[in-house]
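Spelled out, the chains give:
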Amino acid sequence: MDFLRQLFGGGKAPVGGLDMGSSSLKMLQLKQNKDKKTYKMTSLLIGYAPDDTVVGGTISDPRALGDYIKQLIQSSKINIQDVVGVASGKSVVLRPIEMISSISPKELQSSVRFEADKYLPYKADEAMVRGTILQKEIPDKPGKMEVLLVAAPNEIVKNTQDVIKFAGLKPAAIDMEPFALNRALSVSLEPSLLERTVALINIGSSSTSINIYKAGVLRQSRTVTVAGKRFTDAIAQSLNISFDEAEKMKTEKGVIRVEKDAAPVEPSAMRIFNVILPVLQSLITEIQRSFDFYRNTYPGESIDYVALSGGTASFKNIDAYISNALEVKCGVLNPFRNIDISEVPGYTPEMLQELAPSLTVSVGLALRNIKA
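Residues numbered from 1 in each chain as written. Predicted model: local features only at pLDDT ≥ 70, side-chain atom pairs only at ≥ 80, totals over all residues. Heavy atoms only, no water.

**A few points about the overall build of the protein**
As a reminder, the rule being used: Secondary structure elements are taken from DSSP: a helix is a run of H or I of four residues or more, a strand is a run of E of two residues or more, and numbering for both begins at the N terminus. To sort residues, take the accessible area from a 1.4 Å probe on protein chains only and compare it with the maximum for the residue type: under 20% means buried, over 50% means exposed, and anything in between is partly exposed. We call two residues contacting when some pair of their heavy atoms lies within 4.5 Å.
Looking only at helices and strands, one finds twelve helices and 16 strands in the protein. In terms of its C-alpha atoms, the protein occupies a principal-axis envelope of roughly 65 × 50 × 45 Å. Here the protein holds 372 residues, and the buried ones make up 50% of them. Sequence-distant contacts in the protein: of pairs separated by 6 or more residues, those separated by 24 or more amount to 67%.

Encoded structure:
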C-alpha cells in the first residue's frame, strides 16, 4: 500500500526485516530470484531481548535494545545495513471507517485525521495517521465510501526507529504488522485461496493479532492479550515451576487434545493440556468475537480459511483444535513455501522449518521493498 511507504518511508533497495517481540527478536534478509516469484533467504539473526527492553510488546529501552542488536550483528558478521521495523500492539489501530465519498484525494488525509479522534484511544495529534480507500462506494449506502484508518502513536514509531539507529543500522521504513503478515501470506498460500477470505492469526508471546483479509486486502485487524506467555504462566503457576521450566515443558511435552481425535495422550501431556485449556478457550472466544464482528460488519461474508503464525502456532494440534472449535479449515502457515532456505549461514533447513511460524512477520517485512 503506497500510503504506508509515503508515511513511514521505504524504497526499492533490498532490506532486512526486523521483528522485535517481547521474548525474542528476529532479523532476516531475502533476495528475489530471476523468476520474480520465488525468493532466497540470505541471512538470519535470532536473539532474545534483554530484560525490561521490551515490555508487553512495547519497546521501553531503545538504547539498550539497539546496543544488544549491534553486538549480535558484530558477532555474527551479517551484512545488513537497511532494515524495516514493525509497529504492533493494541495501540496500533487499523480500522475501516465510513466517510463521505465526495471527498477529493487531496482532502482525504486531512479528513481522515479529523475523523480519527472518534476512533483512537489517544489524540490524533500524538500519532501518525493515514487512510486509504477500500471501497469508493459502499453498497446500499449512497454517498459513502469505506476507508482504512491506520494510526500508530509517534512514540512507538520513534522508539522503533531509535532501536534501529542505535544498532548501527538505517531505518528504511516502519511497517504495520498486519501488512507485513499479508505480504508473507501472499507468498505462502495457493493463489485460489488468496482470492477468498482468510484470517491470519499471529500468536506471539505477549499478544495475538487477528487479521482478516478478503482477496488480499486487509478488512479487519484486532489485537488481544491472550498469547503464548499466558499458556506458559498457567503451566508455571499450576505446577509451581519457573517460567523457563514451564516454557521448556510446553515446547517439549505440550499437546493439545482434540475431541474428535481418539489418539491416546500421555499423562504428562494431558496434565499440561488441562492446565492450559482455560487459556485456549479464552483465545477461541476472542477469535470468535472478531469473526462475529466481521460478519456483522459485512453481512453475508464468511471466513473461508484460518492460517496460524507466531511461535505459539507450533503448539502441537493447535490448528486442529481451532478448526474444530470454529468449524473452519485451519492450518499453520509456512512462510517459506516459495523461499529457498537451503543456504542460510548457521541454520539447517530442518532448523528453519521448525522456526518458520515465528519468522512470518520478519519474512513479510523483508519482502516489503521487494514487493513494493
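**Remarks on a negative patch on the surface**
Note the threshold: Residues enter a patch when their relative accessible area is above 30% and they make no salt bridge; the linking distance is 9 Å between like charges and 5 Å between nonpolar side chains (Val, Leu, Ile, Met, Phe, Trp, Tyr). The protein chains shown are the only cover counted for residues, whose accessible areas, like all others here, come from Shrake-Rupley with a 1.4 Å probe. Put simply, a salt bridge is a Lys or Arg side-chain nitrogen that is within 4 Å of an Asp or Glu carboxyl oxygen. Positive charge is attributed to Lys and Arg, negative charge to Asp and Glu, and no charge count is given to His or to the chain ends. Just so you know, the charge point we use is NZ for Lys, CZ for Arg, CG for Asp and CD for Glu.
Residues Asp51, Asp52, Asp61 and Asp67 make up a contiguous surface patch of negative charge. Note on placement: Asp52 falls in the loop between strand S3 (39-47) and strand S4 (54-55).

**Things to note about the packing of helix H7 (residues 228-239) against helix H9 (residues 267-297)**
A pair of packed helices is characterised by two quantities: the angle between their axes and the separation of those axes. Applied cut-off: Think of each axis as a best-fit line through the C-alpha atoms, taken over the contacting stretch in the case of a helix, with angles from 0 to 180 degrees between the N-to-C directions. Just so you know how the angles are binned, under 35 degrees is roughly parallel, over 145 roughly antiparallel, 65 to 115 roughly perpendicular, and the rest oblique. The hand of a helix crossing depends on one turn: near helix anticlockwise from the far one by less than a right angle means left-handed, and clockwise means right-handed. Gly is placed with the polar residues, together with every amino acid not listed as nonpolar (Ala, Val, Leu, Ile, Met, Phe, Trp, Tyr, Cys and Pro) or charged (Asp, Glu, Lys and Arg).
At a minimum axis separation of 9 Å, H7 and H9 run at an interaxial angle of 140°. One way to sum up the angle between H7 and H9 is to call them oblique. As H7 runs across H9, the sense of the crossing is right-handed. Facing H7, whose interface residues are Arg230, Phe231, Ala234, Ile235, Ser238 and Leu239, H9 presents Arg271, Ile272, Val275, Ile276, Val279, Leu280 and Leu283. Grouping the amino acids of the contact of H7 with H9 by side-chain chemistry returns ten nonpolar, one polar and two charged.

**Looking at the pattern of salt bridges**
All told, the structure shown has 17 salt bridges when counted by the stated rule. Close ionic contact of Glu301 with Lys214 constitutes a salt bridge, the shortest N to O distance being 2.6 Å. With Glu301 in the loop between H9 and strand S14 (305-309) and Lys214 in strand S12 (residues 208-214), the pair connects residues that are 87 residues apart, well separated along the chain. For Lys214, a relative accessible area of 30% gives the class partly exposed.

**Description of the sheet that holds strand S6 (residues 82-87)**
What counts is decided by this rule: DSSP calls a pair of strands paired once it identifies at least 2 bridges connecting them.
Across the sheet, six strands lie side by side as S10-S6-S1-S2-S3-S16; this open sheet has mixed pairing. Looking at which strands have only one partner, the edges of the open sheet turn out to be strand S10 (170-176) and strand S16 (339-340). When S3 meets S16, the two strands line up parallel, connected through two bridges. Bridge assignment links Tyr39 to a residue of S16, and that residue is Ile339. Packing against the sheet, helix H4 (residues 154-166) makes contact with strand S1 (16-20), S6 and S10, and its axis sits at approximately 145° to S10. Across the face of the sheet, helix H5 (residues 177-186) comes into contact with S6 and S10 while running at roughly 90° to S10.

**Things to note about the confidence of the model for the protein**
Where we set the bar: Each residue carries a pLDDT value, the predictor's own confidence for that position, ranging from 0 to 100.
Confidence in the prediction for the protein averages 91 pLDDT; 95% of positions are at 70 or higher. By mean pLDDT, helix H1 (residues 2-8) is the weakest element of the protein at 42, and S14 is the strongest at 98. For residues 1-8, every residue scores under 50 in pLDDT, and the model assigns this stretch 25 contacts once sequence neighbours within four places are set aside.

**With respect to unusual backbone geometry**
Despite not being glycine, Lys36 has its phi angle at roughly 65°, a positive value. A relative accessible area of 58% places Lys36 in the exposed class. Phi is positive for Asn317, close to 75°, though the residue is something other than glycine. Within the element layout of this structure, Asn317 appears in the loop between S14 and helix H10 (318-326).

**A few points about the sheet that holds S14**
The mixed open sheet is built from five strands, whose spatial order is S13-S12-S11-S14-S15. Each end of this open sheet is capped by a strand with a single partner; those strands are strand S13 (217-224) and strand S15 (330-332). Each strand axis lies, on average, 20° off the axis of its neighbour in the sheet, ignoring direction. Judged from the three bridges that link them, S14 and S15 form a sheet pairing that is parallel. Bridge pairing in S15 places Ala307 opposite Gly331. Taken strand by strand, H9 contacts strand S11 (197-203), S12, S13 and S14, and its axis lies near 30° from that of S12.

**Topic: the packing of aromatic side chains**
The cut-off we apply is this: When the centres of two rings from Phe, Tyr and Trp lie within 6.5 Å, Trp using its six-membered ring, the rings pair. Their planes under 30 degrees apart give stacked, over 60 give edge-to-face, and anything left gives tilted.
Scanning the model with the defined rule gives two aromatic pairs in all. Aromatic pair Tyr294 and Tyr298: ring centres 5.0 Å apart, planes at 50°, arrangement tilted. Across the pair, Tyr298 and Tyr294 agree in class, each one buried.

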